[in-house]
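For reference, the chains in residue letters:
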Amino acid sequence: RGWTNSLTPACRFRQRAWTRVRKKRAAGNVPDLKSGASARSAAEEGMSSGRSQGMVLLVALLCAVLRGARPPSCKCSVLAMLNRCAVTCDDDTRLQRVVPYLLAVLSDASALVRAHALRSLTATLALVESFTPSDSKVFPEYIFPSLSLVSRDAEELVRVTYARCVVSLARTALRFLTRAQYLDQLQLQQEQQLLGTSQADAEAAADAARSGARYEEDLSSLRAEVRQVIQEYLTPAGQARGGVLARCALVGEVGGLGELFGRKQWSEGVLPLLITCLNHRDPELRARFLAALAGLARRLGQLSLQAFLLPCIEQALLDNAEAVVARALGCLASLCRIKSQDGSALLPKHAMLQVAELAFPLLCHPATCVRAGASQFVAGVAEAVGAADSAALFLPMLWPLLRCTVSIRSLLAPAELMRYVR
């Protein structure tokens, strides 16, 4: 019964009746202005609840498919879809459904599937924001014991993937631990407000002390667990398993562990392990360590920089590999521009003078990358100390290396400085 160009009386009557019905329906669906916000919030909650329930069914289906899949390509596809579903799931579904299946896949025969499961596990755990008190110890009691043998995996792909993921896992574990401590303190404060007696105050203080002691104990256990993983990669026993890519991946990511260890624990427990990378025969690992050194110095402070890191950089300036020397010069240039918390230069002036005696002659090095790194270091020094100190202290050190006299402005331009080098 479609409409026509020439309407009959019956068609016109049906058209008017249809229009009246539509107007009544539209008038009945208009919400009250006073309750508009509550209606929208209720609708959003209903949509999110429905979406969450739907994602639970989809996650259950994907987990069943993952359990029965055989080819590695199919398992990787299912893991990718499961990772995408975990973004829209609620936290309970992530912890109770997705994480157990991802940990079970770590025992798969295919190295590609195990590496994909590690990446999905890291991304899923990073999405978790809230959890029940029973899940507060999921990392020390479930996650890390299940990952204890991954660093010794026979396939280098799995070891490299775990080295890239361990920092994110450690930061997520620290967030779980901090939130659990916060919830314990909040519960103690609520109990104290309800009771309100002197005896209750004494009991609450004792409970707070015990909670703080448990937090410090759990934090020490977490640090020991992460330090053990680093030792698995960087100690001679771990190096004997072969594969420098895993150690390079770990050294490139390890700077994110500063929040977990703190300055003292980092200097005493982690930094000595990292410095051993300079003794490795592979130049790529030595260069990767020097590339991460500027970020480490920012966290460790000026004292640790002068005591531990600066001798390592001076040793790298004498390295046989050109890439290592270029990385060391780039690290020095970055350190000259970094400011400490009080606004002063992280690398003091006397340390710059000490390093300049080794770095400035590298302007005449036959390798282009080394000459470019040395010019960057000269520009960083001139920018850090100012025009007066540059002219008085550093410019006389450059005169034997230049064809003619140059201005302070030329020191700040590496490309222009290179034209005057002998």
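Overview of the structure. (Residues numbered from 1 in each chain as written. Predicted model: local features only at pLDDT ≥ 70, side-chain atom pairs only at ≥ 80, totals over all residues. Heavy atoms only, no water.)

1. Some remarks on the environment of Val-56
How we decide: Helix numbering and strand numbering both begin at the N terminus, where a helix is a DSSP run of H or I of at least 4 residues and a strand a DSSP run of E of at least 2.
Of note, Val-56 is situated in helix α2 (residues 36-68). Residues Val-56 and Cys-89, 33 residues apart in the sequence, show an inter-C-alpha distance of 7.1 Å.

2. A short note on the side chain of Ser-110
Selection rule: Under the scheme applied here, a residue whose accessible area is under 20% of the maximum for its type counts as buried, over 50% as exposed, and between as partly exposed, the area being computed with a 1.4 Å probe on protein chains only. Pairs of N or O atoms are called polar contacts if they sit within 3.5 Å, as long as, within protein, a hydrogen donor faces a hydrogen acceptor (for residues adjacent in sequence, only side-chain-to-side-chain pairs).
With respect to the element layout, Ser-110 can be found in the loop between α4 (91-105) and α5 (111-127). For Ser-110, a relative accessible area of 16% puts it in the buried group. Here the side chain of Ser-110 touches Leu-112 through a polar contact of 3.4 Å, landing on its backbone nitrogen.

3. Regarding the packing of aromatic side chains
Here is the rule we go by: Here the aromatic set is Phe, Tyr and Trp, taking the six-membered ring for Trp, and pairing holds for ring centres within 6.5 Å; pairs whose planes are under 30 degrees apart are stacked, those over 60 apart are edge-to-face, and all others are tilted.
One pass over the structure, following the stated rule, counts six aromatic pairs. Ring centres of Phe-139 and Phe-176 lie 5.2 Å apart, and the angle between their planes is 75 degrees; this geometry places the pair in the edge-to-face category. Of this pair, Phe-139 sits in helix α6 (residues 138-146) while Phe-176 sits in helix α7 (residues 156-195), and the two are 37 residues apart along the sequence. Look at Phe-139 and you get buried, because its relative accessible area is 2%. For Phe-176, a relative accessible area of 1% translates into the label buried. Ring centres 5.8 Å apart and planes at 55 degrees place the aromatic pair Phe-360 and Phe-377 in the tilted group. With a gap of 17 residues between them, Phe-360 in the loop between α16 (349-359) and α17 (368-398) and Phe-377 in helix α17 connect regions that are remote in the sequence.

4. Observations concerning the state of the cysteines
For clarity, the cut-off: When two cysteine sulfur atoms lie within 2.5 Å, the pair is treated as a disulfide.
One pass over the structure, following the stated rule, counts zero disulfides. As a non-bridged cysteine, Cys-74 has Cys-76 as the owner of its nearest cysteine sulfur, 9.3 Å distant. Among the cysteines around Cys-336, which has no disulfide bond, Cys-331 carries the closest sulfur, lying 9.6 Å off.

5. Structural notes on the side chain of Ser-267
One can find Ser-267 in helix α11 (residues 258-275). Residue Ser-267 is classed as buried on the basis of its relative accessible area of 13%. Reaching out from Ser-267, the side chain makes a polar contact with the backbone oxygen of Arg-263 at a distance of 3.0 Å. Polar contacts involving the side chain of Ser-267 include one to the side chain of Ser-304, which spans 3.4 Å.

6. Quick word on a nonpolar patch on the surface
The following threshold applies: Like-charged residues within 9 Å of one another, or nonpolar side chains (Val, Leu, Ile, Met, Phe, Trp, Tyr) within 5 Å, are grouped into patches, provided each residue has over 30% relative accessible area and no salt bridge. Values of accessible area rely on a 1.4 Å probe in the Shrake-Rupley scheme; residue burial ignores everything except the protein chains shown. Here, a salt bridge means any Lys or Arg side-chain nitrogen found within 4 Å of an Asp or Glu carboxyl oxygen.
A contiguous nonpolar patch, built from Leu-58, Leu-61 and Val-65 and spanning about 240 Å² of accessible area, is present on the exposed surface. Position of Leu-61 among the secondary structure elements: in helix α2.

7. Let's talk about helix α14 (residues 302-316)
Defined as follows: For a helix, the expected span equals 1.5 Å multiplied by the number of residues minus one. The angle between axes fitted to the seven residues ending at a residue and the seven residues starting there is what we call the bend at that residue. Note on contacts: a residue pair qualifies if any of its non-hydrogen atoms lie within 4.5 Å across the two residues.
Given a rise of 1.5 Å per residue, 15 residues ought to cover 21 Å, and the 19 Å separating the end C-alpha atoms of α14 matches this to within 8%. Taking the largest bend as the criterion, α14 deviates by roughly 45 degrees, centred on Leu-309, and proline Pro-311 comes between one and four positions later. Along α14, the residues classified as buried are Ser-304, Leu-305, Leu-309, Leu-310, Cys-312, Ile-313, Glu-314 and Ala-316. Looking at the buried residues of α14, the elements they touch are α11, α12 (283-291), α13 (293-300), α15 (322-337) and α16.

8. Overview of the packing of α4 against α6
Formally: Interaxial angle, 0 to 180 degrees, is taken between N-to-C directions of lines fitted to C-alpha atoms, where a helix line uses only the stretch in contact. For this classification, the nonpolar set comprises Ala, Val, Leu, Ile, Met, Phe, Trp, Tyr, Cys and Pro, the charged set comprises Asp, Glu, Lys and Arg, and every other residue, Gly included, is treated as polar.
The interhelical angle for the contact between α4 and α6, taken along N-to-C directions, is 30 degrees, at an axis separation of 10 Å. Counting all contacts with α4, which are made through Val-99, Pro-100 and Leu-103, the residues of α6 involved are Tyr-142, Ile-143 and Ser-146. Partitioning the contact of α4 with α6 into residue classes produces five nonpolar, one polar and no charged.

9. A word on the environment of Arg-97
Tracing the sequence through the fold places Arg-97 in helix α4. Taking relative accessible area as the criterion, Arg-97 reaches 37% and is therefore assigned partly exposed. In sequence terms Arg-97 and Val-56 are 41 residues apart; their C-alpha atoms lie 8.6 Å from each other. Apart from residues no more than four positions distant in its own chain, Arg-97 is found in contact with Val-56, Val-59, Ala-60, Cys-63 and Asp-92.

No statement about biological role is implied by the geometric values presented.
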